[in-house]
Amino acid sequence: MKKIVIFASGGGSNAQAILDYFEDSVNISVVLILTNNANAGVLERVKKAGVAGMSFNKYAFAKANSIHHLLKSIDPDLIVLAGFLWKFPDFLIADFPNKIINIHPALLPKYGGKGMYGMNVHKAVVENGEQESGITIHYVNENYDEGGVIHQVSRKLNTTDTAEDVARKVLQLEHEHFPKIIESLLS
Ligand code: GAR
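In what follows, the accompanying structure is described. These figures come from a predicted structure and were not determined experimentally. (Residues numbered from 1 in each chain as written. Predicted model: local features only at pLDDT ≥ 70, side-chain atom pairs only at ≥ 80, totals over all residues. Heavy atoms only, no water.)

Right, let's get into the overall build of the protein. The number of helices and strands found in the protein is seven helices and seven strands. Reading the protein from its N end, one meets helices and strands in the order β-α-β-α-β-α-α-β-α-β-α-β-β-α. Since a compact globule built from 187 residues should have a radius of gyration of about 16 Å, the 16 Å found for the protein is in line with a globular shape. Referenced to the eigenvectors of the C-alpha coordinate spread, the extents of the protein come out at roughly 50 × 35 × 30 Å. Taken over 187 residues, the protein has a buried fraction of 44%. Counting every atom, the protein has about 9400 Å² of accessible surface; 49% of that belongs to carbon and sulfur. Taken together, the 18 basic and 20 acidic charged side chains of the protein have centroids lying 3 Å from each other. (Helix = DSSP H or I, 4+ residues; strand = E, 2+ residues; numbered from the N terminus. Rg over C-alpha atoms; globule rule 2.2 N^0.38 Å. Buried < 20%, exposed > 50% of the residue type's maximum accessible area, 1.4 Å probe, protein only. Areas by Shrake-Rupley, 256 points an atom, 1.4 Å probe, with all protein chains shown as cover. Lys, Arg positive; Asp, Glu negative; His and termini not counted. Charge placed at Lys NZ, Arg CZ, Asp CG, Glu CD.)

Structural data, given as structure tokens:
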């Protein structure tokens, strides 16, 4: 059985799409969902899905090595950042080469980097009058949103689209494509 660990910071709709997609899989399983936010909506989803879940603080993540040890003991085949907003520490990236992937709600290299997450991205896309936006699934390296691109999907925008419209369109693409790309990486 291939093991996935998900990191999420917010509502966790992508985590949910991944949980749903692999619910009946005999080869691939979500074994743990971790969050840096004890109030994150994703923890409700964890409870409902009956998977293991846990929140952690910055110390456990970046200094005390607790999360590092936990990941090493699980030995996941893939670590999936699904709306996870903290920067991944270099020592974790070094220890799981090509095993950490992220989804970004824009067509990188545009609209990436520090501060470019969630609605900030979609507002910038609308302010700049972009005719398309989309998703980028990529490996995680030491720099925000700069790891090798695995897959991109674009979607045309209307001139009347608000940032909320763009967010909705992009999230649809995320839910549709992210689980399939995860599956292909693990096959
Ligand atoms: C998603 O749109 C994801 O691409 C984005 O946060 C949202 C999380 O939604 N991630 C980033 O902006 C990372 N830079 P969700 O919690 O409903 O899955």
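On the basis of which strands lie adjacent, the open sheet formed by seven strands has the order 3-2-1-4-5-6-7 and mixed pairing. The open sheet has two edge strands with one neighbour each: strand 3 (53-55) and strand 7 (149-156). Direction aside, neighbouring strands of the sheet carry axes that sit 20 degrees apart on average. Both strand 6 (residues 132-139) and strand 7 contribute to a ladder of seven bridges, which runs antiparallel. Pairing of Ser133 across the sheet is with Arg155, part of strand 7. Packed onto the sheet, helix 4 (residues 66-74) meets strand 1 (2-8), strand 2 (28-35), strand 3 and strand 4 (78-81) and runs at close to 175 degrees relative to strand 2. (Pairing = 2+ DSSP bridges. Axes fitted to C-alpha atoms, helices over the stretch in contact; angles between N-to-C directions. Contact = heavy atoms within 4.5 Å.)

Okay, the pattern of salt bridges next. Following the criterion strictly, the structure yields six salt bridges and no others. Across the pair Lys47 and Glu44 runs a salt bridge, and its minimum N-O distance is 3.2 Å. Placement of both Lys47 and Glu44 in helix 2 (residues 42-49) is noted, with a separation of three residues, approximately one turn of the helix. The class for Lys47 is exposed, based on a relative accessible area of 61%. Classification of Glu44 by relative accessible area gives partly exposed; the value is 43%. For Lys110, the salt bridge is made with Glu130, and the minimal N-O distance between the two is 3.2 Å. (Salt bridge = Lys/Arg side-chain N within 4 Å of Asp/Glu carboxyl O.)

A separate point is the site of the ligand. Inspection of the region around the ligand gives 13 residues, with Gly12, Ser13, Asn14, Gly118 and Glu174 positioned closest. A distance of 2.8 Å is found between an oxygen atom of the ligand and a backbone nitrogen or oxygen belonging to Gly12. About the coverage of the ligand: the protein hides 86% of its 450 Å² of free accessible area. Looking at the shell around the ligand, the elements that each hand over two or more residues are helix 1 (13-22), strand 5 (100-104) and helix 7 (163-186). Residues belonging to the shell around the ligand are distributed by class as follows: five nonpolar, seven polar and one charged. (Near = heavy atom within 4 Å. Polar contact = N/O pair within 3.5 Å; in protein donor to acceptor, adjacent residues only side chain to side chain. Nonpolar A, V, L, I, M, F, W, Y, C, P; charged D, E, K, R; others polar.)

This part is about the environment of Asp161. Note on placement: Asp161 falls in the loop between strand 7 and helix 7. Once the C-alpha coordinates of Asp161 and Val126 are considered, the two residues, 35 residues apart in sequence, prove to be 7.4 Å apart. With residues near it in sequence (within four places) discarded, Asp161 still touches Val126, Val166 and Lys169. Of note is the side chain of Asp161, whose polar atom sits 2.9 Å from the backbone nitrogen of Asn158. Among the polar contacts listed, one links the side chain of Asp161 to the side chain of Lys169, at a separation of 2.7 Å.

Worth remembering: the numbers are spatial, not functional.
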